[in-house]
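Reading the structure
Below are the chains, spelled out letter by letter.
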Amino acid sequence: MSICSRTLGAQALPAASLALVFALCPPSGQALAASSDCPALFDLYRACHSRGLEADSNRSCLEESAEDTARALAQCLGGNSRRNPRAAHALAELVCGTGCDDALSRRQPATRKEFTEAFCD
């Protein structure tokens with residue numbers, strides 16, 4: 001099961017968030033992130049998963065992970081003015097939210113391979 005599938009089935013999201021997830025979770029075989037962004041995003045997923053193990057809600061996990069998200073976002077944008085910062089921010093939040101949700105649901109963190117298939121391949 002892909003990370004996007006797990007995210008979509010795991011929680012009741014507000015309509016706006018659900019629309020964003022559907023927009024960012026492409027059909028199989030289409031990547032969300034450039035392969036050069038994958039290491040930073042995988043690190044973000046793992047950091048958010050770790051914080052989620054200690055959090056009491058997805059919101060508190062995301063708040064505790066704000067610095068990790070900002071750091072990953074800066075790495076992904078890396079001064080590339082052609083990248084859309086709003087899309088990069090949405091992707092970073094989706095990655096972190098997935099890590100938080102997986103932890104709060106007591107799921108094992110995704111492996112690098114699972115993460116890469118869901119977000120980068």
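In short, a report on the structure. Note on numbering: residues in each chain are counted from 1, in written sequence order. Predicted model: local features are reported for residues with pLDDT of at least 70 only, side-chain atom pairs are reported and counted for 80 or more only, and whole-chain, interface and lining totals are derived from all residues. With hydrogens and water set aside, each side-chain value is computed from the structure's full complement of heavy atoms.

**Description of the nonpolar core**
Defined as follows: Residues belong to one nonpolar core when they are buried, are Ala, Val, Leu, Ile, Met, Phe, Trp, Tyr or Cys, and are joined through side-chain atoms within 4.5 Å. Burial classes: relative accessible area under 20% of the type maximum marks a residue as buried, over 50% as exposed, and values in between as partly exposed (1.4 Å probe, protein chains only). Working definition: helices are DSSP H or I runs of at least four residues, strands are E runs of at least two. Numbering for both runs from the N terminus.
Leu41, Leu44, Val95, Phe115 and Phe119 are the most contacted members of the largest nonpolar core, which totals 22 residues. Among the secondary structure elements, those contributing two or more residues to this core are helix H3 (38-52), helix H5 (66-77), helix H6 (85-104) and helix H7 (112-119). Among the elements that take part in this core, H3 stands out by supplying seven residues, more than any other.

**With respect to the pattern of salt bridges**
To be explicit about the condition: Each reported salt bridge corresponds to a side-chain nitrogen of Lys or Arg within 4 Å of a carboxyl oxygen of Asp or Glu.
Scanning the model with the defined rule gives six salt bridges in all. The residue Arg59 makes a salt bridge to Glu63 at a minimum N-O spacing of 3.7 Å. Here Arg59 pairs with Glu63, and both are found in helix H4 (residues 58-64), just four residues apart, close to one helical turn. You can call Glu63 exposed: its relative accessible area is 53%. A salt bridge links Glu117 to Lys113; its shortest N-O distance comes to 3.7 Å. Here the residue Glu117 and the residue Lys113 both occupy positions in helix H7, the gap between them amounting to four residues, near one helical turn. On the basis of relative accessibility, which here comes to 46%, the residue Glu117 falls in the partly exposed class.

**Comments concerning H7**
We count it as follows: It is the directions from the helix axis to the C-beta atoms that the arc portrays.
Within the span of H7, buried status applies to Phe115, Ala118 and Phe119. Looking straight down H7, one finds its buried side chains confined to an arc of 75°; they lie on one side.

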